[in-house]
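Residue-level structure breakdown
Spelled out from the first residue to the last, the chains are:
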Amino acid sequence: MSPHHTLPMFRRRRPSTLLLVFGLALGLAAPTLVATPASARLAPRAAHILCYAGGFSEPPGPGRPVALTWSHIGSRSNGSYTYRYWMVQEVSGSTLYYRNSYVAKCSGDSLVSTTEITPTDGFGTAACTSTVDRYPTASDAERFVGGRTSWERPFITTRTFRYWHREWLSVSTLQWVYGSSYVVRC
């Protein structure tokens, strides 16, 4: 047996070992990225669950004693970006309680940014009673994304959360451009 025989075998195994270590490290880091989407920044072209999933759950973990359920509400696109709206609920027994809402700005399956959206009260307003796109001015639009019902503490009944996507018409390109997002508690 030549003295160089062992070295090529070691080289063939090493990339798979590195791949295994990298996969384990990525697997351990993924829950941290999902648990803190507002601060998550990923390398370009890295697929992120907020940009492609229809929903998912997280078990309790360090610093969070409750399980969470993430529900995709709907999406709107402007230019090359898609804005995906999410409701996060805490699981308590068989009841889901509203926790917070997010909008994820995605380029394909890559996460560009996330923003937490704080609900405002909208009882009796058009934001709670209509699903029709509204145009406050000729160059502004509020587009309905979707809604979901959830229990909300400290209330003893469910509330409906309705998600809206604001756009404005660019005079230079004559295309609708993303402005902001909001969620209304009804």
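The residue numbering used here restarts from 1 in each chain and proceeds along that chain's sequence as written. Predicted model: local features are reported for residues with pLDDT of at least 70 only, side-chain atom pairs are reported and counted for 80 or more only, and whole-chain, interface and lining totals are derived from all residues. Derived side-chain values reflect all non-hydrogen atoms in the structure, with water molecules and hydrogen atoms excluded from consideration.

Overview of the packing of aromatic side chains
Pairing of aromatic side chains here covers Phe, Tyr and the six-membered ring of Trp, requires ring centres within 6.5 Å, and sorts the geometry by plane angle: under 30 degrees stacked, over 60 edge-to-face, intermediate tilted. Counted under the stated rule, the structure contains 10 aromatic pairs. Measuring from ring centre to ring centre gives 5.5 Å for W70 and Y102, while their planes differ by 15 degrees; the resulting arrangement is stacked. Placement of the pair is W70 in strand β2 (residues 67–78) and Y102 in strand β4 (residues 95–107), with a sequence separation of 32 residues. A simple rule labels every residue: compare its accessible area, found with a 1.4 Å probe on the protein chains alone, to the largest value its type can have, and call it buried under 20%, exposed over 50%, or partly exposed in between. The exposure class assigned to W70 is buried, which follows from its relative accessible area of 3%. Classification of Y102 by relative accessible area gives buried; the value is 9%. With centroids separated by 6.2 Å and ring planes inclined at 50 degrees, the aromatic side chains of Y135 and W176 adopt a geometry described as tilted. Pair noted here: Y135 is in strand β7 (residues 134–137) and W176 is in strand β10 (residues 176–185), with a separation of 41 residues, a long-range link. Counting from the N terminus, the helices are DSSP H or I runs at least four residues long and the strands are E runs at least two residues long.

Topic: the environment of R134
Looking at the element boundaries, R134 is found in strand β7. Separated by 32 residues in the primary sequence, R134 and R166 have C-alpha atoms spaced 9.5 Å apart. Residue contacts for R134: discarding those within four places in its chain leaves A126, A127, D140, A141, E142, W164 and Y182. Any two residues having at least one pair of non-hydrogen atoms within 4.5 Å are treated as being in contact.

Some remarks on the side chain of E152
The residue E152 is located in the loop between β8 (140–151) and β9 (158–169) in this model. Polar contacts, as counted here, are pairs of nitrogen or oxygen atoms within 3.5 Å of one another; within protein the pair requires one atom able to donate a hydrogen and one able to accept it, and residues that are adjacent in sequence qualify only if both atoms are side-chain atoms. One polar contact links E152 to R185, side chain to side chain, over a distance of 2.9 Å.

Observations regarding unusual backbone geometry
The backbone phi angle of L174 is positive, close to 55 degrees, even though this residue is not glycine. Along the chain, the position of L174 falls in the loop between β9 and β10. What makes L174 exposed here is its relative accessible area of 65%.

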